Amino acid sequence: MLYAYPVDHRHIERQPMPNRRSVLLLIVVLLAAPSCLLPAQPAETARNRAAALLKQMTLDEKIGQLNQVSGVQMPMLGSEKPDDAIVKGEVGSVLWLIDVKEINRLQHLAVEKSRLHIPILFGFDVIHGYRTVFPVPLAMASSWDPSVEESAQRFAAQDARAAGIDWTFAPMVDIARDGRWGRIVEGAGEDPYLGSAMAAAQVRGFQGGASLEPDGILACAKHFAGYGAADGGRDYDSSYLPEVLMRNVYLPPFHAAEQAGVGSFMSAYMDLNDVPASGNHWLLTNVLRRDWGFKGFVVSDAFAVASLEVHGFARDPEDAAYKAIAAGEDMDMASRTFIRNLPKLVQQGKVTEARIDAAVLPILTVKYELGLFEHPYVDESKVDATLDRPEGRTLERKLAARSMVLLRNESRTLPLSKSPGKILVIGSLADSTRDVEGGWTVEGLFSSGVKSHPVTVLAGLRNKLGADAQVEYVPGPVPTREYPSMLDAILGNKPPQPPTQAEIADWIAKARTAAAGADVVVAVLGETANMSGEAASRATLDLPGIQEQMLEAVAEAGKPVVLVLENGRPLDIRWAAAHVPAILEVWYPGTEGGNAVADVLFGGVNPGGKLPVSWPRAAGQEPLYYNHNLTHEPEDRPGFTSRYWDLSSKPLFPFGYGLGYSTFKFDNLHLSASSISSAGSTEVTVEVTNTGQVAGDAVAQLYIHQRAGLASRPVRQLKGFERIALSPGETKAVSFKLGHDELEYWNPQTKTWIVDPGVFDVWAGEDSTASLHTELTVTQ
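Structure report, in brief. Given the structure is predicted, the values throughout are model-derived calculations rather than measurements.

1. Notes on the overall build of the chain
Move 1: Helix and strand counts for the chain come out as 26 helices and 26 strands.
Move 2: The C-alpha radius of gyration of the chain comes to 26 Å, within 12% of the 28 Å expected for a compact globule of 780 residues.
Move 3: Considered along the principal axes of its C-alpha atoms, the chain spans approximately 75 × 65 × 50 Å.
Move 4: With 780 residues in all, the chain has 62% of them scored as buried.
Move 5: Pairs at least 24 apart in sequence give 80% of the contacts found in the chain among residues at least 6 apart.
Move 6: A total of about 27,900 Å² of accessible surface is found on the chain, and carbon and sulfur atoms cover 52% of it.

Spelled out as structure tokens, the structure:
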């Protein structure tokens, strides 16, 4: 073993089995795989070869493998070209580079001119697609179907591998309970059970399984750990989380990724309980290596090792390198702190060469597993053929529609008539090709032009209705940020200027006039892509700019209004929820997003997504989450009103909520055994019936509550879910296992995982407010 620590083999929560539709999605991806696959090596063979190579390496060459450098030269990323360092064997990995010719050039330097011919591992943030851009991760989590994430990341991995990227800095599996935090868009929301299912699915998608498949890429679970709990939702700020919250809420998705075979972890930027995560021995060694038995490697987030000095945790760069490597960090991303300081730390005896070997071995092993020693170069002649596979767009359109959540549909406003008359579309997002795909799009970051040819909502409506359709468009001004985005600053992009008061008045007047002459209004509102993501936290959750003013103006006309939300977090839509008859949350739906939106709006697809977050009424409610503990004044007590005197403390829409064009009835909830031992299990079964007039998807959700024990437990916890398709009038029985793995929790008094004997409430239904109830008794 790499680390001789005892391993906790505690089983992670059981994840839902894929249904027939889920399996078909995966088959589509496998059939679409490019034929030029590289041979992968079995893990044991790769590890043995890596160990043999390690014995031939000098100390400097070993430390070189722990050095990841930028492949692009920009002032904020460093202007030093890596050529000489590569030839000397001082570079193990290169990031931020997607130019295939440059990837091959640098790889030739490593393979042909370095002493031991060790290939470079090329990494990039392949978050939700490569050229074909899939819905953002928060959207895919809204599908409540792990096969959506798995099939999207399987396709993205094939594209990335064909383009020379061997390693993605994904999935991001941080639990996010605060919508103000910008990176909520990259994860699966607030719940550890749902988050664990999506984390494991993405690992399988990227890597192809527990071991790397020939067309897979190395996955990286990030940001380890607690990053999503930053004070005030402010990105990079400190997180203060007691161990009971870490163990029960924030760590389970990471553990699920580890159990799914993820090959690497990324340590986070922030202080965790006053110890930076990238220098945190408890996280990187005690939990990750000792408790879980992780055998891969840990890379820091960008410049995080050097930032240990900025935090005031390290005295200087040498101390930063020492504290990071001692804590369990294996690779330094972009700061060159390891390459400049580890040699002398080893010479001084502060760091053993054995510790360096332990860091290098899994990196070399991965390079053998990926087949890089045998096939280090990209076949440039086949890149575009792979990246432009038409089946990717077909898959993306299906997944985008499957990820949308219908929040409101009064008077059956949706689906729209196939002959809707004159349609008015408002909102600059309606025809923004860059924004429809969301942030962290690979080719949209460091390349000129967008090669994916995204379909906007406006284009999708026109595609659906044909050339003779009457569609008028009033975009309004582009919403702007008060401060530029991180990427705009890096790339030198100039943000649009906010409108003048005269321009505002003119846009509102145009929207009001156009609405008066329309038969239906489609308002595409939300956030530009750069308003979500890294360094994109918000103090408010209002619709940015004058979007709500335009929405109110068109609503005055009394015509049916459909609000299509394109955004990366829940927003304050209290006015819309009271005055707009139909609201469809599409998030950032991806390359075929506009066509997918049209499919849903006109009834070609019945929306079945559910919220992976509790939707707040206002930013002042954040952090907001359903699985909180009971208090002195429970919310279900008669006469309860609100925790606030000026606003309901309950969410606008609960976790797990989502409507469709069908209705469903949940009935006949029963247990195979109403009493079990703490080591036993029971089967929970509920019948779901489609009581509507059209076929649709229901998501059966299972929740529990432990009434008493050695610790207070949440009012409800998700412990099972399954998305099923039902024809009108059809009934299906859905079953879930409920036993030790689902009932156990980390207890703050015993400091162990336990199952308390006692009575548990069990609910099944459509969301976290489900009322269908039974009881389970657990004995010692």
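2. Looking at the sheet that holds strand β19 (residues 681-690)
Move 1: Pairing is antiparallel across the open sheet formed by three strands, whose spatial order is β17-β19-β22. Where the open sheet ends on each side, the last strands, each with one partner, are β17 (664-671) and β22 (731-739). The average undirected angle you get between the axes of adjacent strands in this sheet is 20°.

3. Concerning the pairing of strand β16 (residues 582-585)
Move 1: Burial along β16 is two-sided: the face carrying A582 and L584 and the face carrying I583 and E585 are both buried.
Move 2: The pairing of strand β11 (residues 405-409) with β16 spans four bridges and is antiparallel. Directly across from R408, in β16, lies its bridge partner I583.
Move 3: In this structure, strand β15 (residues 561-566) lies alongside β16, joined through four bridges in parallel fashion. The residue bridging V562 from the neighbouring strand is A582, located in β16.

4. Comments concerning the packing of aromatic side chains
Move 1: Using the criterion set out here, one finds 20 aromatic pairs in the structure.
Move 2: Measuring from centroid to centroid gives 6.0 Å for Y193 and F721, while their planes differ by 85°, and the two rings are edge-to-face. Taken as a pair, Y193 in helix α8 (residues 192-207) and F721 in strand β21 (residues 717-726) lie far apart in primary sequence, 528 residues in all. Both residues of the pair, Y193 and F721, count as buried.

5. Here we look at the pattern of salt bridges
Move 1: Throughout the structure, instances matching the rule amount to 47 salt bridges.
Move 2: Between R180 and D178 there is a salt bridge whose closest N-O contact spans 2.7 Å. In this pair, the class of R180 matches that of D178, namely buried.
Move 3: Measuring nitrogen to oxygen at the nearest pair gives 2.8 Å for the salt bridge that ties R393 to E592. A residue pair is termed long-range when its members are at least 10 positions apart, and R393 in helix α17 (residues 390-402) and E592 in the loop between β16 and α25 (593-601) qualify at 199 residues.
Move 4: Classification of E592 by relative accessible area gives buried; the value is 8%.
Move 5: It is possible to trace a salt-bridge network through shared partners that takes in R131, D384, D388 and E443.

6. Points about the sheet that holds strand β9 (residues 297-300)
Move 1: The sheet built from three strands is open, its strands ordered β5-β6-β9 with parallel pairing. Unpaired on one side and paired on the other, β5 (220-224) and β9 mark the two borders of the sheet. Going from strand to strand, the sheet's axes swing by 25° on average, the running direction of each strand aside.
Move 2: Of the strand pairs in this sheet, β5 and strand β6 (residues 264-267) are connected by three bridges, and their pairing is parallel.

7. So, the packing of helix α20 (residues 457-465) against α25
Move 1: Following both chains from N to C, one finds α20 and α25 inclined at 55°, their axes separated by 7 Å at the closest point. In terms of axis orientation, α20 runs oblique to α25. Crossing of α20 against α25: the hand is right-handed. On the side of α20, the interface is formed by V457, G460, L461, N463 and K464, while α25 contributes G594, N595, V597, A598, D599 and L601.

8. Digging into the side chain of R355
Move 1: Here R355 lies in helix α15 (residues 353-369).
Move 2: The exposure class assigned to R355 is buried, which follows from its relative accessible area of 14%.
Move 3: At a separation of 3.1 Å, a polar atom in the side chain of R355 contacts the side chain of D330.

9. Comments concerning the nonpolar core
Move 1: Ranked by size, the top nonpolar core spans 160 residues in total, and within it F224, F265, L407 and I573 carry the most contacts.
Move 2: When residues of this core are assigned to their parent elements, the largest contribution, eight residues, is made by α15.
Move 3: For L407, the residues in contact, after removing those within four places along its chain, are L565, I573, I583, E585, L611, W615, F653, Y657 and L659.
Move 4: Core analysis: the second largest hydrophobic core is formed by 29 residues, L414, V425, V600 and F602 among them.

10. Notes on helix α11 (residues 281-291)
Move 1: Counting buried positions along α11 gives eight out of 11 residues, so the element sits mostly inside the fold.
Move 2: Those residues of α11 that fall on the buried side of the exposure criterion are L283, L284, T285, N286, V287, L288, R289 and D291.
Move 3: Here the buried face of α11 lies against β5, α9 (243-250), β6, β7 (271-272), β9 and α13 (317-327).
Move 4: At the N-terminal boundary of α11, the capping side chain belongs to N280, with an oxygen 3.2 Å from the backbone nitrogen of W282.
Move 5: Directly after α11, the chain includes G293, whose backbone phi takes a positive value near 70°.

Criteria and cut-off values
- Residues numbered from 1 in each chain as written.
- Predicted model: local features only at pLDDT ≥ 70, side-chain atom pairs only at ≥ 80, totals over all residues.
- Heavy atoms only, no water.
- Helix = DSSP H or I, 4+ residues; strand = E, 2+ residues; numbered from the N terminus.
- Rg over C-alpha atoms; globule rule 2.2 N^0.38 Å.
- Buried < 20%, exposed > 50% of the residue type's maximum accessible area, 1.4 Å probe, protein only.
- Contact = heavy atoms within 4.5 Å.
- Areas by Shrake-Rupley, 256 points an atom, 1.4 Å probe, with all protein chains shown as cover.
- Pairing = 2+ DSSP bridges.
- Axes fitted to C-alpha atoms, helices over the stretch in contact; angles between N-to-C directions.
- Phe/Tyr/Trp six-rings, centres within 6.5 Å; stacked < 30°, edge-to-face > 60°.
- Salt bridge = Lys/Arg side-chain N within 4 Å of Asp/Glu carboxyl O.
- Parallel < 35°, antiparallel > 145°, perpendicular 65-115°, else oblique.
- Left-handed = near helix turned anticlockwise from the far one by under 90°.
- Polar contact = N/O pair within 3.5 Å; in protein donor to acceptor, adjacent residues only side chain to side chain.
- Core = buried A, V, L, I, M, F, W, Y, C linked by side-chain atoms within 4.5 Å.

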